[in-house]
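Below, each chain spelled out in residue letters.
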Amino acid sequence: MSQETAPRASVVIIGAPFSYTAGHYMRIIALRWLWRYGWMAALPLIGLAIASIYDLRLLVVALILALVAYPLAMCVAYMSYALKPVTIANTQMHHWECKSDGIYMEIDSEHKMDIPQPYCRYSDIARYEDSGRDIMLIYKDNRLDGFVAMPTESLQPEQLEQLISHLRQYDITNG
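Anyway, here's the lowdown on the structure attached to this text. The structure presented is a predicted model; accordingly, all values stated were derived computationally and were not measured.

What the rule picks out here adds up to five aromatic pairs. Centre to centre, the rings of Phe-18 and Tyr-20 are 5.6 Å apart; their planes meet at 80 degrees, and the pair counts as edge-to-face. Take Phe-18: its relative accessible area is 7%, and that puts it in the buried class. Both rings, one in Tyr-25 and one in Phe-147, keep their centres 5.6 Å apart while their planes meet at 35 degrees; by these two values the pair is tilted. One end of the pair, Tyr-25, is in helix H1 (residues 22-51); the other, Phe-147, is in strand S6 (residues 147-151), and 122 residues separate them in sequence. Judged on exposure class, the residue Tyr-25 and its partner Phe-147 are both buried. Ring-pair connections join several aromatic residues into one group, and the members of that group are Phe-18, Tyr-20, Tyr-25 and Phe-147. When the ring centre of Tyr-104 is taken as origin, the NZ or CZ atom of Lys-99, which lies over that ring, is 4.5 Å away.

Here we take up the nonpolar core. The tendency in soluble globular proteins is for nonpolar side chains to be buried side by side. Within the largest apolar cluster, 37 residues are counted, with the highest numbers of intra-cluster contacts made by Trp-96, Ile-103, Tyr-119, Leu-137 and Phe-147. Only H1, helix H3 (85-90), strand S2 (94-99), strand S3 (102-107), strand S4 (125-130), strand S5 (134-139), S6 and helix H4 (157-169) provide two or more residues apiece to this core. Residue contributions to this core peak at five residues, all from S5. Those residues in contact with Trp-96 that lie beyond four places of it in its chain are Ile-13, Ile-14, Gly-15, Phe-18, Asn-90, Ile-103, Tyr-104, Met-105, Tyr-119, Val-148, Ala-149 and Met-150.

This part covers the layout of surface pockets. Reported here for the largest pocket is a volume of approximately 460 Å³. Ala-30, Trp-33, Leu-34, Met-74 and Ala-77 are, among the 13 residues lining the largest pocket, the residues nearest its centre. Among the elements of the structure, H1 and helix H2 (57-82) are those that each provide at least two residues to the lining of the largest pocket. Partitioned by chemical class, the residues of the lining of the largest pocket number 13 nonpolar, no polar and no charged. Volume-wise, the second largest pocket comes out at about 290 Å³.

Conventions used here
Residues numbered from 1 in each chain as written. Predicted model: local features only at pLDDT ≥ 70, side-chain atom pairs only at ≥ 80, totals over all residues. Heavy atoms only, no water. Phe/Tyr/Trp six-rings, centres within 6.5 Å; stacked < 30°, edge-to-face > 60°. Buried < 20%, exposed > 50% of the residue type's maximum accessible area, 1.4 Å probe, protein only. Helix = DSSP H or I, 4+ residues; strand = E, 2+ residues; numbered from the N terminus. Lys NZ or Arg CZ within 6 Å of the ring centre and 35° of its normal. Core = buried A, V, L, I, M, F, W, Y, C linked by side-chain atoms within 4.5 Å. Contact = heavy atoms within 4.5 Å. 1 Å grid on protein atoms, 1.4 Å probe; cavity = no way out; pocket = protein on both sides within 12 Å on 5 of 7 lines; lining within 4 Å. Points joined across faces, edges and corners; volume = space filled by probe spheres on them. Nonpolar A, V, L, I, M, F, W, Y, C, P; charged D, E, K, R; others polar.

Below, the structure written as structure tokens:
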């Protein structure tokens, strides 16, 4: 069968429509970055703080680094992620459809975007994380923005259990 005449996969779970604010979406990415690379950002500050025992000018350098350089770097990172299509799509009203062949993103607002479907195949997912507020499906390629996020409030409790059992069918585990 050709791709055009193939029947669409049966719907497993449809989440309620939701949208993330840009701040909440960037907070998710920032926490993932801090968990992964935060020690590298803290290492120069710790080194300069220890070295300031011998020369107080190094404490000023540490303060400049912490109060000027790091916030500027965070602004550049914010803008680079804020302008990506995945971020723009996640800040619009949308819902996820978890089907047997992957996860589909359906944008519900009047500003439709051309999003390839399925948005995410189960074979591309390494694991899922349940933070209590969001469920994140983490891609195998390990990018910072390599995740699909869905607030748990967009699913009924039985839908959440069904989603987790569905993920386990594809050997996608929590952690």
